[in-house]
Amino acid sequence: MSEVGTFTVEEGGIGVIAIDNPPVNALGIKTRRALDEGFRKFAADDSVKAIVLICGGRTFFAGADISEFGKPPQEPGLVDVFNIIENGGKPVVAAIHGTALGGGYELALICNYRIAVPSAMVGLPEVKLGLLPGAGGTQRLPRVVGPEAALDIITGGDPIPAKKALGLGMIDALAEEGKLREDAIAFARSLLAEGKPAVRVRDRNEKLEAVRDRTPALFDEYLAKNARSFRGFKAPHNIVRAIQASIETAPDFDKGMERERELFRELEPSIESQAQRYYFFAEREAAKIPDIGKDVATIPVKTAGVIGAGTMGGGITMNFLNAGIPVTLVEMTQEALDRGVGVIRRNYENTAKKGRMTQEQVEQRMALITPAIGLEALGQVDMIVEAVFEEIAIKQDVFGKLDKIAKQGAILASNTSYLDLDAIANATSRPEWVVGTHFFSPANVMRLLEVVRGAKTSKEVVKTAMEIGKKIGKVSVLSGNGFGFIANRIMTQRGKQADQLVLEGPTPQDIDQAIYNYGFAMGPFQMIDLVGLDVIGRGETERTIRGDLVKLDRLGQKKNGGFYDYDENRKATPSPVAAKVIADIAAFKGVENKGKLSAEDIVARLLYPVVNEGAKVLEEGIASRASDIDVAAILGYNWPVYTGGPMFWGDTVGLQKVVDGLKAQGIEPSKLLVEKAAKGESFTRG
Ligand code: T1G
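Everything numeric in this text was worked out from a predicted model, so none of it was measured.

Q: Would you take a moment to explain the overall build of the protein chain for this structure?
A: Within the protein chain, the secondary structure is distributed over 30 helices and 19 strands. On C-alpha atoms alone, the protein chain measures out to a radius of gyration of 28 Å, which is about the 26 Å that the 2.2 N^0.38 rule sets for 686 residues. The C-alpha extent of the protein chain, read off along each of the three principal axes, is 90 × 60 × 55 Å. Contacts in the protein chain between residues at least 24 apart in sequence constitute 72% of all its contacts with a sequence separation of at least 6. Summed over its atoms, the accessible surface of the protein chain is roughly 29,000 Å², and 53% of this surface lies on carbon and sulfur atoms. In the protein chain, the 84 positive side-chain charges and the 89 negative ones have mean positions that sit 1 Å from each other.

Q: Could you clarify how one ought to interpret the pairing of strand S13 (residues 383-386) in this entry?
A: Each regular strand carries side chains that alternate between the two faces of the sheet. With burial as the criterion, each face of S13 is covered, one bearing Met 383 and Val 385 and the other bearing Ile 384 and Glu 386. Sheet topology places strand S10 (residues 304-307) next to S13; 4 bridges connect them, and they run parallel. In the strand pairing of S13, Ile 307 is matched with Glu 386. One ladder, built from 4 bridges, connects S13 with strand S14 (residues 411-414); its direction is parallel. Paired with Ile 384 across the bridge in S14 is Leu 412. Handedness of the β-α-β unit built from S13, helix H17 (residues 392-405) and S14 comes out right-handed.

Q: Would you explain the site of the ligand in this entry?
A: In the vicinity of the ligand lie 27 residues, with Arg 58, Ala 64, Glu 106, Glu 126 and Arg 284 positioned nearest. Between the ligand and Arg 58 there is a distance of 2.6 Å, counted from an oxygen atom to a side-chain nitrogen or oxygen. Within the backbone of Gly 134, an N or O atom sits 2.8 Å from an oxygen atom of the ligand. Within the complex, the protein chains bury 76% of what would otherwise be the 1,000 Å² of accessible surface of the ligand.

Q: Is there a simple way to explain the state of the cysteines in this structure?
A: A covalent bond between the sulfur atoms of two cysteines is referred to as a disulfide. As enumerated under the stated definition, the model contains 0 disulfides in all. Looking at Cys 55, it has no disulfide partner, and the nearest cysteine sulfur is the one in Cys 111, 10 Å off. With relative accessibility at 8%, the residue Cys 55 sits in the buried group.

Q: Any chance you could explain the domain arrangement of the protein chain here in plain terms?
A: Each assigned domain of the protein chain is listed with its residue range as follows: domain 1 (5-267), domain 2 (304-483) and domain 3 (507-589). Taking only C-alpha atoms, the centre of domain 2 and the centre of domain 3 are 33 Å apart.

Q: What should I look at first to understand the environment of Glu 75 in this one?
A: Note that Glu 75 resides in the loop between strand S3 (50-55) and helix H2 (78-86). For Glu 75, a relative accessible area of 55% puts it in the exposed group. Sequence separation between Glu 75 and Arg 32 is 43 residues, and the spatial gap between their C-alpha atoms is 8.5 Å. Engagement of the side chain of Glu 75 in a polar contact is seen with the backbone nitrogen of Gly 77, the distance being 3.5 Å.

Q: Which parts of the structure should I look at to understand the nonpolar core?
A: In summary, soluble globular proteins display a tendency toward joint burial of nonpolar side chains. Judged by nonpolar contacts, the single largest core of 88 residues is most densely connected at Val 52, Leu 53, Ile 96 and Leu 141. Those residues in contact with Leu 141, other than ones at most four positions away along the chain, are Tyr 105, Leu 109, Leu 124, Gly 146, Ala 150, Ile 153, Ile 154 and Met 170. Membership of the second largest hydrophobic core comes to 71 residues, among which are Ala 487, Ala 578, Leu 635 and Trp 639.

The rules behind each value
- Residues numbered from 1 in each chain as written.
- Predicted model: local features only at pLDDT ≥ 70, side-chain atom pairs only at ≥ 80, totals over all residues.
- Heavy atoms only, no water.
- Helix = DSSP H or I, 4+ residues; strand = E, 2+ residues; numbered from the N terminus.
- Rg over C-alpha atoms; globule rule 2.2 N^0.38 Å.
- Contact = heavy atoms within 4.5 Å.
- Areas by Shrake-Rupley, 256 points an atom, 1.4 Å probe, with all protein chains shown as cover.
- Lys, Arg positive; Asp, Glu negative; His and termini not counted.
- Charge placed at Lys NZ, Arg CZ, Asp CG, Glu CD.
- Buried < 20%, exposed > 50% of the residue type's maximum accessible area, 1.4 Å probe, protein only.
- Pairing = 2+ DSSP bridges.
- Right-handed = clockwise from strand over helix to strand, strands pointing away.
- Near = heavy atom within 4 Å.
- Polar contact = N/O pair within 3.5 Å; in protein donor to acceptor, adjacent residues only side chain to side chain.
- Disulfide = S-S within 2.5 Å.
- Domains from an automatic or database assignment.
- Core = buried A, V, L, I, M, F, W, Y, C linked by side-chain atoms within 4.5 Å.

This is the structure in structure tokens:
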């Protein structure tokens, strides 16, 4: 018997191979050895007529072991094991629970049949790691669901619920919840009783033939149609070409596998895939708090209260409702309250119109809201999140009142985006119960939650806030109490440099184009025009470009244009008015025009200071680790994930080059950055 596998023979000659390799039965070397042993054993055992492959623990195989990538391969390899299974000559049934993903689902496709419990999910998420399914997924899935469905499933990478997978043909039957083993054995017995052939997926070519005459046009069109969302990523392109090859090489399956391997090998060593594999672990590492272990208890949060039913308060409320947590939503006036509840209902109904939730679910969520006027309604809730105006006096007033109203043991959370959390906490007699929960707008969409730990916040409250974040669908990143916390603080540097550089010669469109080509959805000036110059451009003391544009009543897309002019379809064109304001400010500040810069130099000018600020956030202890900073930038500002985030990207550029670039632009590099560069160290390369 192997370390992680047990092999038993049930009545009727059903061989059962059960693998149990926590945490997710990843197809690492131990699992591969167990599979190799079990299938060789049953292939040689004449009493075994059919085989069931099942997993213990929380899930069927969740894919190749991502931690093995980039390391010397260990025998037997995945494809070797798959060949033994596929050529064993006896019907094999994959019994699926949990999440059969990546190589795990590819293994299920090697089997002749697949049965799953209704709660199971299946999928090929390799694209999210900058890879493609490298164990036959791009060749077998099109044979099961057809090439067109396979294109969406593999380039999307999302898990598919069992019931939908049944409809698509990705699985052949549903088992009863909790009875997977017995139902899978019964399914195998029925195959024998009905004399069903052990058809191999690789031999099923009918769905490929059906689109042969539309190849390669079908694939060229698919790439063109998705050019925007695939921009900057390598994997989607290679996935499309691999699926295309499945048709062009059929029925020669092995030839298709050769093409898949070629396209996989282009991806695995790429910096994009290294960045996305790094990010996979970074997102999970963020949940770990260095000085708060499993021994620290969490506080039950069964009910929540939200203060403020505006954009942020409404979005925050929806997060709790989506997790089934009832919310007392508080406003100061009935009119504001009704408006806020109405916006929440409209958001849900729009989702229902798109078929992503039922009307019944809309009503279920809406029924969890208790609208109320005044803070007194929050006396019994377990956790209160305030989302009132970003003004320290107002927040302190609210927390002072909450101190008298909230029950003992309630968590008091502030959604402040940059104010001093300790100043808020000290407005109460219970600072250990005060924590920051900084959501990003729109709060019901953006996955980043910065959990801000005050000087006196208790470990239990910190741990609970981090876990509540996960429960409501966020990725929680712990931040110390410093101005702007992590994401806003580091990304402010990008805006600051853009404002300075645009005075020196490069135009707003030069700068925006360079940042867009780097991988952001839009550049800093396009973003300001979209958000509104009055939202950002007011309250500054010194004379600025934005301030002058606001004085000209140029508020951005919403009114008269901003850094750009806009036509009735909001198409942007360079603005002579903005160009003149920029020239006036440059003259006023005595900034010399240094002419144009290359896109690479613009990127360095705007983003090296972000790396530098990240190094300061680290050396000040605001972030626990460099990868948390990358998670915050990627989830909070859509920093392109295929660069790994600012710190991973800084390492890719080379820290000494970053240091030299900062000095050349007159910016003092952080001590930590200089030290690491001098020692040839990195922030994120282990
Ligand atoms: N390899 C190694 N470790 C993994 C892993 C994997 N595939 N998946 C999860 N873990 C670890 C994770 O780091 C964490 O560790 C623990 O398991 C729990 O994970 C050849 C090339 C399965 C949906 O992309 O999506 O197959 O922090 O916290 O929220 O074509 O993990 O506890 O030490 O995420 O319940 C394709 C990735 C690989 C699936 C479970 N497979 N995993 O979510 O738990 S490439 C994937 C997930 C491949 C083939 C290709 C999720 C999950 P620790 P967790 P969860």
